[in-house]
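Architecture at a glance
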Amino acid sequence: MSSRPVRTRFAPSPTGLLHIGGVRTALFSWAHARKHGGTFVLRIEDTDLERSTPESVAAILDGMHWVGLDYDEGPFYQMQRMARYKTVIGQMLDSGHAYYCYCSREELDAMRAEAEARGEKPRYDRRWRPEEGKTLPAVPADVQPVVRFRTPIDGAVTWDDAVKGRIEIGNVELDDLIIARPDGTPTYNFCVVVDDVDMQISHVIRGDDHVNNTPRQIHMYQALGAEVPVFAHLPMIHNDQGQKMSKRRDAVSVVDYDTQGYLPEALLNYLARLGWGHGDDEFFTLEQFVEWFDLKDVSPSPSRFDRDKLLWLNAQHIKAADPARLAERVAAFLADKGVATADGPQLADVCALLKDRSQTLVEMADQAEYFYRPLNPTAEVVEKHLQPEDEERLKLFAEGAAALPQWDAATLSAFIKDFVKQQGVKMPQVGMPLRAKVCGITNTPSVDAVLALIGRDEVLRRLAA
Ligand code: GLU
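Residues numbered from 1 in each chain as written. Predicted model: local features only at pLDDT ≥ 70, side-chain atom pairs only at ≥ 80, totals over all residues. Heavy atoms only, no water.

**Some thoughts on the environment of I167**
With respect to the secondary-structure elements, I167 resides in strand β7 (residues 165–170). Considering only alpha carbons, one finds I167 and P215, 48 residues apart in sequence, at a separation of 9.3 Å. Aside from chain neighbours lying at most four places away, what touches I167 is V157, T158, W159, D161 and V211. (Helix = DSSP H or I, 4+ residues; strand = E, 2+ residues; numbered from the N terminus. Contact = heavy atoms within 4.5 Å.)

Here is the structure:
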């Protein structure tokens, strides 16, 4: 292992939503940097002009902000680095690590057809590759050349992947790849290497869909005389049917989890467990994750996305969260439903009461609604809990409640117990109609706490309705 300062990066292409797999890659890169007191860089790989969109860039930046993965440098945009890539291409040509290739499309097609006819992998026959004593074809007048990288012919590329272990690829597998197109624009593998060299990236942590690029990239590091970083290729995430997650079928933008009432720490906790583990620990904070994280504990096999587990973790993180913070998000959900909270109980107090019984903040907002306006009881609730004798009893209850010296959960609890005794009934025969009448539903936290929060005037008003 090298002793250079730890610098990692997340390098998304802005060609769609920032989805789960991308955030997991960002999380592991970020955690590795944080753990080692290093630097985390954000780089937007926007050279694919046809597929890159400003909306996608915005989705990446918003998503990173929402999950709270802070970057120390960037965002850098590859499109703003074109001059630099061109300079390096010039250097590669000068040093003989790259060369111009004037093959026309027809020639390349013919090469491909011949290779296929021989049952071989289609490859470039190195026709324009300069060699000692070799005479190159005459330069055609009408062809704009591409620039090809001069890949070593013999030997193999080997690296110790921090996740997948030792990998060796024979150079016969690799072509003299194109690093600049006829119009001079650089290609993907080349830009990544120039950036990772210039940004002094020590650990390239990325999805294992890039593992085939790595041997080509290692050759380019060597050609540039640069130190080869540590590579860590993270396993894929499969969907709940065990299929590879596809952008089209499974992509949910990470900010959609916000809209669905997830806490970012719950999502990160869940993603941390996809392909990595610390004993049997399921629920943990981001701080714990950073403390425990080690690339060597990342599993090389794919993991499966399990929505129920994410939901369970969300419930745990809601329980652990500060009610005032939950209230900020729940207030927005309530506002979307047209529920005004200004005149009712403090929303943070409501959230404190509900946080043990909500799997998402959307659910919490649904439950919070009756603290601000009564819900309409369903026919079933009326049938079960709001019969004439229940209404009679609630009237008596209201009279007693109006006269209580104080209005808090303890006073109400004592009063309800006395009332139940005095009526000669069981607790549910008072508790359920009370909930049904005041809240509109019967599935609520402890009735004394609910009544206390709603407040005396409002409770009496609802009981009289
Ligand atoms: N831009 C690439 C992607 O979004 C990542 C390249 C890399 O991490 O080296 O898949």
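**With respect to the sheet that holds strand β4 (residues 98–101)**
As a general point, the strands of a sheet are linked pairwise by backbone hydrogen bonds and lie either parallel or antiparallel. With antiparallel pairing, the 3 strands of this open sheet are ordered in space as β4-β5-β8. Unpaired on one side and paired on the other, β4 and β8 (178–180) mark the two borders of the sheet. The average angle at which neighbouring strand axes cross in this sheet is 45°, direction not considered. By the bridge criterion, 4 bridges tie β4 to strand β5 (residues 146–149) in an arrangement that is antiparallel. Within β5, the residue paired with Y100 across the bridge is V147. (Pairing = 2+ DSSP bridges. Axes fitted to C-alpha atoms, helices over the stretch in contact; angles between N-to-C directions.)

**Side note on the pairing of strand β2 (residues 39–44)**
With respect to burial, β2 is a largely interior element, 6 of its 6 residues being buried. What you see with β2 is no split at all: T39, V41 and R43 on one side and F40, L42 and I44 on the other are buried throughout. Sheet analysis places strand β1 (residues 7–10) next to β2, joined by 4 bridges and oriented parallel. Paired with T8 across the strands is F40, a residue of β2. Taking the sense of rotation as the criterion, the β-α-β connection linking β1, helix α1 (residues 20–35) and β2 turns out right-handed. Crossover β2 to strand β3 (residues 73–77) through helix α2 (residues 54–67) is right-handed. (Buried < 20%, exposed > 50% of the residue type's maximum accessible area, 1.4 Å probe, protein only. Right-handed = clockwise from strand over helix to strand, strands pointing away.)

**What about the pairing of β3?**
Pairing between β2 and β3: 3 bridges, direction parallel. The partner of V41 across the bridge, within β3, is E73.

**Points about the site of the ligand**
Inspection of the region around the ligand gives R9, A11, P12, S13, E45, Y188, V192, R206 and H210 as its neighbouring residues. S13 is positioned such that a nitrogen or oxygen atom in its side chain is 2.8 Å from a nitrogen atom of the ligand. Side-chain polar atom of R206 to an oxygen atom of the ligand: 2.8 Å apart, as the coordinates give it. Alone, the ligand offers 300 Å² of accessible surface; in the complex the protein occludes 82% of this. Partitioning the shell around the ligand into residue classes produces 4 nonpolar, 2 polar and 3 charged. (Near = heavy atom within 4 Å. Polar contact = N/O pair within 3.5 Å; in protein donor to acceptor, adjacent residues only side chain to side chain. Areas by Shrake-Rupley, 256 points an atom, 1.4 Å probe, with all protein chains shown as cover. Nonpolar A, V, L, I, M, F, W, Y, C, P; charged D, E, K, R; others polar.)

**Side note on the side chain of N314**
By secondary structure assignment, the location of N314 is in helix α11 (residues 307–320). What makes N314 buried here is its relative accessible area of 0%. What N314 contacts, discounting residues up to four positions off in sequence, is G261, Y262, L263, A266, Q359 and T360.

**Overview of the nonpolar core**
Within the largest apolar cluster, 47 residues are counted, with the highest numbers of intra-cluster contacts made by V330, L347, F371, F397, L434 and L451. At the level of secondary structure, the elements contributing two or more residues to this core comprise α12 (323–336), α13 (347–354), α14 (361–368), α16 (388–402), α17 (409–423), α18 (427–438), α19 (447–454) and α20 (456–464). Dropping the residues within four chain positions of it, V330 is found in contact with L347, C351, L361, M364, A365 and A368. Judged by nonpolar contacts, the second largest core, of 45 residues, contains F10, F28, L42 and L69. (Core = buried A, V, L, I, M, F, W, Y, C linked by side-chain atoms within 4.5 Å.)

**What to know about empty space enclosed by the protein**
Taken as a whole, this structure holds 1 cavity of 30 Å³ or more when the rule is applied. As a volume, the largest cavity reaches approximately 40 Å³. Around the largest cavity, the lining residues are R123, Y124, R126, T151, P152, I153, N171, L174, D175 and D176. Taken together, the residues of the lining of the largest cavity break down into 4 nonpolar, 2 polar and 4 charged. (1 Å grid on protein atoms, 1.4 Å probe; cavity = no way out; pocket = protein on both sides within 12 Å on 5 of 7 lines; lining within 4 Å. Points joined across faces, edges and corners; volume = space filled by probe spheres on them.)

**Points about α12**
The first and last C-alpha atoms of α12 sit 20 Å apart over 14 residues, in line with the 20 Å expected at 1.5 Å per residue. The principal kink in α12, of about 25°, is found at R329. Among all positions of α12, only P323, L326, A327, V330, F333 and L334 are buried. Those residues of α12 that are buried are in contact with α8 (254–259), α11, α13 and α14. (Expected span 1.5 Å × (residues − 1). Bend = angle between axes of the 7 residues up to and from the residue.)

Such coordinate-based values are descriptive only and should not be taken to indicate function.
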